[in-house]
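Overview (structure and organization)
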Amino acid sequence: MNKDLTVGKPQSVLWKFCLPLFGSIIFQQLYNIADSFVAGKFVGENALAAVGNSYEITLIFIAFAFGCNMGCSVVVSRFFGAKKFKKVKTSVYTACIFSAGLCVLLMLIGIFGAGALLRLIRTPDIVFADSKLYLDIYVWGLPFVFFYNIATGIFSALGDSKTPFYFLAVSSLSNIAVDIWFVKSFNMGVAGVAWATFICQGISCILAIVVVFKRLNKIDKEKNCPIFDKNILKQIVIIAIPSTLQQSFISIGNIIIQGIINGFGAPVMAGYSAAVKLNNLVITSFTTLGNGISNYTAQNIGAGKLVRVKQGFTAGLKMVWLLSMPLFALYFFKGEFFLKLFMDEPTETAILTGITYLKILSPFYFIVSAKLVADGILRGAGMMNKFMIATFTDLILRVVMAAVFSKTPLGATGIWCAWPVGWCVATVLSIVSYVTGPWKKEKIQK
């Protein structure tokens, strides 16, 4: 159901709104985790490395879908908070048209350029064929990725975080079953993993879009609602481009880092592939909570309630830090257990690589989660310049230091040390930008 995020106690509102989002992203990540799990357990270490290698490229495509999600979500949130329901519908139609065109362009790039992208990141010959096969199938499913993201963005903008959670829970669990079925029963290898994801994401996308448009029809019965508006498109693009750049440049940075890691051989690649999936589960979860805070911020700014933005920041920090505690403990002390879920008879090098990665990064979840809360508010308020400065600082530091540290006696371990440095510096920048925002002089009533 739709929910007005401009009323009620901010902490309670955010918890109720964001926890289903947290659950949703866990199930979203299960798509990729399931792919790696099945590839590593039932096909082999090289298959795991191939899926992980392709994953870095798929993140670029996801970045564009994420940008469309955020652009649509923030703009729709503002109109919904301001009770301008006709513009809510026009924003949705405009976002869909824009996303469709962008999706076609990216599909063409993926269809004709997959091999070149894999060569660019120095994909070893031993995993090249499987990496390209996975990527080729994935590209044809891009419309599902794009329009599912649009649908979830609309649900969030309307204050509904439960509906996408239900869709993802069912489709993700189905994906695991179909993954195993295709690989074990039909011996389809990496192709089976890719097709399972394609089918399950497709069904989830179609159902989500149907429900979204039914929901929109209930909001406003106006039949003369424009299906495209240039001014609204401009507002969407202002949010979408920086959000896309954030995700895509991070993905490009990760691809550069992946290229550095590939120089250390398949066992290190496999260990990193398993560990980075576990890390991305955490970071993407925090990012999704930040997206929820963006919706909360946008609705309240649309309603002219700036003081609730400050209250939302405090509530958001409490929420992500409570989640950081168990995640840190599990990865730091039980990382080997989770890594072995992805690998059947892993080499000692692969396991040691994954453990080292998790032990270095997990203590800093408390810091990066604070950055992502602040980023959520900056994005919801349309403060995209400051948002981008912090993001690019993190990226540049991480890539440069990974390249430098990999040449030291630390070897691959030096690469993992680059993450905390980038996170810490960028967190300071994001927090400072938040503190100096337009709500600075607003006083919270106790």
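A brief report on the enclosed structure follows.

Taken N-terminus to C-terminus, the directions of helix H6 (residues 162-185) and helix H7 (residues 189-219) make an angle of 160 degrees; their axes are 8 Å apart at the nearest point. Regarding the angle of H6 to H7, the classification is roughly antiparallel. Seen along the crossing, H6 lies across H7 with a hand that is right-handed. A per-class count over the contact of H6 with H7 returns 12 nonpolar, 8 polar and 2 charged.

Another point: helix H4 (residues 125-140). Residues spaced three or four apart along an α-helix point in a common direction, a consequence of the helix completing one turn every 3.6 residues. Compared with an ideal rise of 1.5 Å per residue, which puts 16 residues at 22 Å, H4 spans 24 Å between its outermost C-alpha atoms and is within 8% of the ideal. Listed as buried for H4 are Val127, Phe128, Ser131, Tyr134, Leu135, Ile137, Tyr138 and Val139.

Attention now goes to the pattern of salt bridges. One pass over the full model with this rule turns up 6 salt bridges. When the shortest N-O distance is used, the salt bridge between Lys340 and Glu336 registers 3.0 Å. Of this pair, Lys340 and Glu336 both sit in helix H10 (residues 307-340), 4 residues apart, which is roughly one turn of that helix. Residues Asp394 and Arg398 are paired through a salt bridge, measuring 3.2 Å at the closest nitrogen-oxygen approach. With Asp394 and Arg398 both in helix H13 (residues 384-405) and 4 residues apart, the pair spans about one turn of that helix.

Let us look at the nonpolar core. A general tendency of soluble globular proteins is for nonpolar side chains to be buried together. Counting 76 residues, the largest nonpolar core has Phe286, Leu339, Tyr357, Trp416 and Trp419 as the members making the most contacts within it. Here this core gets 16 residues from one element, more than from any other, and that element is helix H9 (residues 266-302). In contact with Tyr357, not counting residues within four places along its chain, are Tyr272, Ala275, Val276, Asn279, Trp416 and Trp419. Ala95, Leu158, Ile219 and Ile232 belong to the second largest nonpolar core, which has 48 residues in total.

Tallied over the entire structure, the rule returns 21 aromatic pairs. Ring geometry for Tyr93 and Phe213: centres 6.1 Å apart, planes at 5 degrees, overall stacked. Of this pair, Tyr93 sits in helix H3 (residues 85-120) while Phe213 is found in helix H7, placing the two residues 120 residues apart along the sequence. Seen in terms of ring centroids, Tyr331 and Tyr365 are 6.2 Å apart; in terms of plane orientation they differ by 70 degrees. Their pairing is edge-to-face. Within this pair, whereas Tyr331 is found in helix H10, its partner Tyr365 is found in helix H12 (residues 365-380), the two being separated by 34 residues in sequence. Judged by relative accessible area, Tyr331 falls into the buried class, the value being 5%. The ring of Phe128 has Arg119 lying over it, and the distance from NZ or CZ to the ring centre is 3.9 Å. Taking the ring centre of Phe332 as reference, the NZ or CZ of Lys359 above it sits at 4.2 Å.

About the criteria used
Residues numbered from 1 in each chain as written. Predicted model: local features only at pLDDT ≥ 70, side-chain atom pairs only at ≥ 80, totals over all residues. Heavy atoms only, no water. Axes fitted to C-alpha atoms, helices over the stretch in contact; angles between N-to-C directions. Helix = DSSP H or I, 4+ residues; strand = E, 2+ residues; numbered from the N terminus. Parallel < 35°, antiparallel > 145°, perpendicular 65-115°, else oblique. Left-handed = near helix turned anticlockwise from the far one by under 90°. Nonpolar A, V, L, I, M, F, W, Y, C, P; charged D, E, K, R; others polar. Expected span 1.5 Å × (residues − 1). Buried < 20%, exposed > 50% of the residue type's maximum accessible area, 1.4 Å probe, protein only. Salt bridge = Lys/Arg side-chain N within 4 Å of Asp/Glu carboxyl O. Core = buried A, V, L, I, M, F, W, Y, C linked by side-chain atoms within 4.5 Å. Contact = heavy atoms within 4.5 Å. Phe/Tyr/Trp six-rings, centres within 6.5 Å; stacked < 30°, edge-to-face > 60°. Lys NZ or Arg CZ within 6 Å of the ring centre and 35° of its normal.

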